[in-house]
Amino acid sequence: MPSPDIIVQTVATARRLGRAGAVAGVLLLSALVLKCGTPTGPPLPLPPLDPELVAEGREIFRFDTFGDETFWADTARLHEVITQAVSPELALQVGLKVDADALPQAVKDAILAGEVDLTSPATTVTLLKLNAVVGVMGTVETVEGRDTLVRVGITCALCHSTVDNSFTEGIGGRLDGWPNRDLNVGAIIALSPAITPAQKEVYNSWGPGMYDARFSIDGLNIPVVMPPALGLRGVSREIYTGDDTLSYWNAYVAVTQMHGRGRFVDPRLGISVVHSPDLVTSKLPALREYQHSLETPAADAGAVDEAASQRGRAVFNGVAQCATCHIPTESFTDVNRGVLHQPAAVGQDPAYAARSITKQYRTTPLRLVFRPPFTQGPYFHDGSAATLDAVVDHYVALLGLSLTAQQKTDLVEYLKTL
Ligand code: HEC
Ligand code: HEC
């Protein structure tokens, strides 16, 4: 049964939306009572996007540190580490990306001609001065005639953007909202001289594409797969555990993880961080508008077997029962109906959910499921399924499905289109 607070929320939403909303609310409630229900629910009403706000949000998403230099430079002293030891070669190795559009043609030509020293940290400082390192903002000043990195901060783009590799591997046009699954954030933080050996061990254990956004709060170590920050316009609750709205989570990360200056208070998690002046709250609407403008790009036409994926769609919607939770008309999730899932009911480890508000898992809205080399697994919150075949096997065992080998490969082919 849906929990009472979800019912209260649904009714409250219906009130706000007026009469049409009330009807939608009743429909929602009936869907809740039916649990997963049939795959024909009402999609969220989507107000039009405001182009000015979208443009403002894009700048924030890419370039705003919310003043987090007070942590990454003043406390963690990463600017010193970069100056001493981080060559472009090392930066690319730990998954940092370079925005080719920020490089002047002369620099591009010099890179192609092999005239740029990619083994020298000084080159990294030059890239930061050009504002070319995705998600990393450096303040470079001239000290005794030399470019000197005096501060460094991070932005949302660090984890939720990558580049299209159009110039060379790791250097290309920005792909905002795509998770950077090459990025080893843990290894980067572990470079800080200001952390303890015990913390260092945890950070170094995560590996590329993984991050634990709760470690700094509860000290546990259960990193999750970095999700896309796109395709969420019609999705009512965010993160793997469906804790709350997009802006709630943006504020959580900006203040408690990026260490931006702002206010994040949530008695449900026992968190109260007030770091003034607040450089976060006023930016949340624009930031949300930009994320909502980022739609899921289609898979390359040549990348999937069209006939097989058509058959796979029928398997997904039919015998494999996927569509009962991944509702195709509702961004492939059932969360808009107020539904979340007990870990055991979906065959997932309860440990990560136990750290959240809901203690449950949200049906992941399926997007960018397979876009090699950018996204190609692992799947589920903790990456417990390495491949799409493993995902299908997980559900065959969980739901006791009997699928032929052909149905399984067709289903995988369809998932690749999402
Ligand atoms: C250090 C890496 C990192 C940074 C920086 C970061 N995020 Fe995330 N983000 C994550 C991880 C990991 C999750 C998954 C957390 C979970 O589900 O428990 C996540 C989840 C999200 C989600 C939810 C996606 C979904 O499927 O519902 C959105 C949206 C998002 N982040 C946007 C942002 C924005 C906006 C910023 C900047 C304010 C930001 N993130 C900064 C790592 C990061
Ligand atoms: C009972 C509801 C339910 C059913 C049925 C269901 N799923 Fe899921 N699905 C979930 C939940 C909940 C998650 C999130 C689990 C997690 O992250 O640990 C999920 C996650 C996934 C993911 C991972 C997405 C990602 O980016 O990590 C894929 C892929 C997926 N499901 C595919 C399927 C397929 C294919 C089927 C049918 C064979 C199916 N699901 C049936 C609820 C369901």
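### Focus: the overall build of the protein
Item 1. Each helix and strand in the protein was counted, giving 18 helices and 10 strands.
Item 2. Looking at the protein as a whole, 43% of its 418 residues qualify as buried.
Item 3. Of all intrachain contacts in the protein linking residues separated by at least 6 positions in sequence, the fraction that spans at least 24 positions is 64%.

### Concerning the packing of helix H15 (residues 306–317) against helix H18 (residues 405–415)
Item 1. Between H15 and H18, the shortest axis-to-axis distance is 7 Å and the interhelical angle comes to 100°. As summarised for this structure, H15 and H18 are arranged roughly perpendicular, according to the angle between their axes. Each of Ala-308, Ser-309, Arg-311, Gly-312, Arg-313, Val-315 and Phe-316 in H15 lies in contact with H18, whose residues at this interface are Gln-407, Thr-409, Asp-410, Leu-411, Val-412, Glu-413 and Tyr-414.

### A closer look at the site of ligand 1
Item 1. The local shell around ligand 1 holds 25 residues, among which Cys-156, Cys-159, Glu-238, Ile-239 and Tyr-240 are the closest.
Item 2. Take the shell around ligand 1: its biggest share by element is 6 residues, from helix H13 (residues 246–257).

### As for the pairing of strand E10 (residues 271–274)
Item 1. In terms of strand pairing, strand E9 (residues 263–266) meets E10 through 4 bridges, oriented antiparallel. Along E10, the bridge assignment pairs Phe-264 with Val-273.

### Some remarks on the site of ligand 2
Item 1. Neighbouring ligand 2 are 23 residues, the closest being Cys-322, Cys-325, Phe-380, His-381 and Tyr-395.
Item 2. If you list the elements that add at least two residues to the shell around ligand 2, you get helix H17 (388–399) and H18.
Item 3. In terms of residue count, H17 provides more of the shell around ligand 2 than any other element does, 3 residues in total.
Item 4. Its residues assigned to classes, the shell around ligand 2 shows 15 nonpolar, 8 polar and no charged.

### Overview of helix H14 (residues 284–293)
Item 1. Of all the positions in H14, only Ala-286, Leu-287, Glu-289, Tyr-290, Gln-291 and His-292 are classed as buried.
Item 2. The elements touched by buried residues of H14 are helix H3 (51–63) and H13.

### Some words on the pairing of strand E3 (residues 146–154)
Item 1. As judged from the 8 bridges shared by strand E2 (residues 136–143) and E3, these two strands associate in the antiparallel manner. For Thr-139, the partnering residue across the bridge sits in E3 and is Arg-151.
Item 2. Here E2 folds back onto E3, and the loop between the two strands holds 2 residues, one of which, Glu-144, carries a positive phi near 50°.

### So, the confidence of the model for the protein
Item 1. On average, residues of the protein score 90 in pLDDT, and 89% of them are at 70 or above.
Item 2. A low-confidence stretch, residues 1–41 stays under pLDDT 50, and its non-local contacts, those more than four residues away or across chains, total 44 contacts.

### Description of the nonpolar core
Item 1. Val-98, Val-133, Val-136, Val-152, Leu-411 and Leu-415 are the most contacted members of the largest nonpolar core, which has 90 residues in total.
Item 2. Broken down by element, the residue count for this core peaks at 6 residues, all from H13.
Item 3. There are two domains that each give this core at least three residues, and those are domain 2 (56–254 + 281–293) and domain 3 (295–415).
Item 4. Setting aside its immediate chain neighbours within four residues, Leu-411 contacts Gly-312, Val-315, Phe-316, Ala-320 and Val-392.

### A few points about the packing of H3 against H14
Item 1. At a closest axis distance of 7 Å, the pairing of H3 and H14 adopts a crossing angle of 100°. Here H3 is positioned roughly perpendicular relative to H14, judged by the angle of their axes. Facing Leu-53, Val-54, Glu-56, Gly-57, Arg-58, Ile-60 and Phe-61 of H3, the residues of H14 in contact are Pro-285, Ala-286, Leu-287, Glu-289, Tyr-290 and Ser-293.
Item 2. A per-class count over the contact of H3 with H14 returns 8 nonpolar, 2 polar and 3 charged.

### Some remarks on unusual backbone geometry
Excluding glycine, a negative phi dihedral is what most residues carry, and trans is how most peptide bonds are arranged.
Item 1. Of note, the bond from Ser-276 into Pro-277 is cis; its omega dihedral lies within 30 degrees of zero at 0°.
Item 2. Note that Pro-277 resides in the loop between E10 and H14.
Item 3. The backbone of Arg-77 sits at a positive phi, close to 55°, despite the residue not being glycine.
Item 4. Mapped onto the secondary structure, Arg-77 falls in the loop between helix H4 (69–75) and helix H5 (78–85).
Item 5. On the basis of neighbour counts, which here come to 15 C-beta atoms within 10 Å, the residue Arg-77 falls in the partly exposed class.

### A short note on the environment of Leu-403
Item 1. Within the secondary structure, Leu-403 sits in the loop between H17 and H18.
Item 2. On the basis of neighbour count, Leu-403 is assigned to the partly exposed category, with 18 C-beta atoms found within 10 Å.
Item 3. In this structure the C-alpha to C-alpha distance between Leu-403 and Val-392, which are 11 residues apart in sequence, comes to 9.7 Å.
Item 4. In contact with Leu-403, not counting residues within four places along its chain, are Val-319, Ala-320, Val-396 and Lys-408.

Quick notes on the rules
- Residues numbered from 1 in each chain as written.
- Chains lettered and ligands numbered in written order.
- Predicted model: local features only at pLDDT ≥ 70, side-chain atom pairs only at ≥ 80, totals over all residues.
- Helix = DSSP H or I, 4+ residues; strand = E, 2+ residues; numbered from the N terminus.
- Buried ≥ 20, exposed ≤ 12 C-beta atoms within 10 Å, placed from the backbone.
- Contact = placed C-beta atoms within 7 Å.
- Axes fitted to C-alpha atoms, helices over the stretch in contact; angles between N-to-C directions.
- Parallel < 35°, antiparallel > 145°, perpendicular 65-115°, else oblique.
- Near = placed C-beta within 6 Å.
- Pairing = 2+ DSSP bridges.
- Nonpolar A, V, L, I, M, F, W, Y, C, P; charged D, E, K, R; others polar.
- pLDDT = per-residue confidence, 0-100.
- Core = buried A, V, L, I, M, F, W, Y, C linked by C-beta atoms within 7 Å.
- Domains from an automatic or database assignment.

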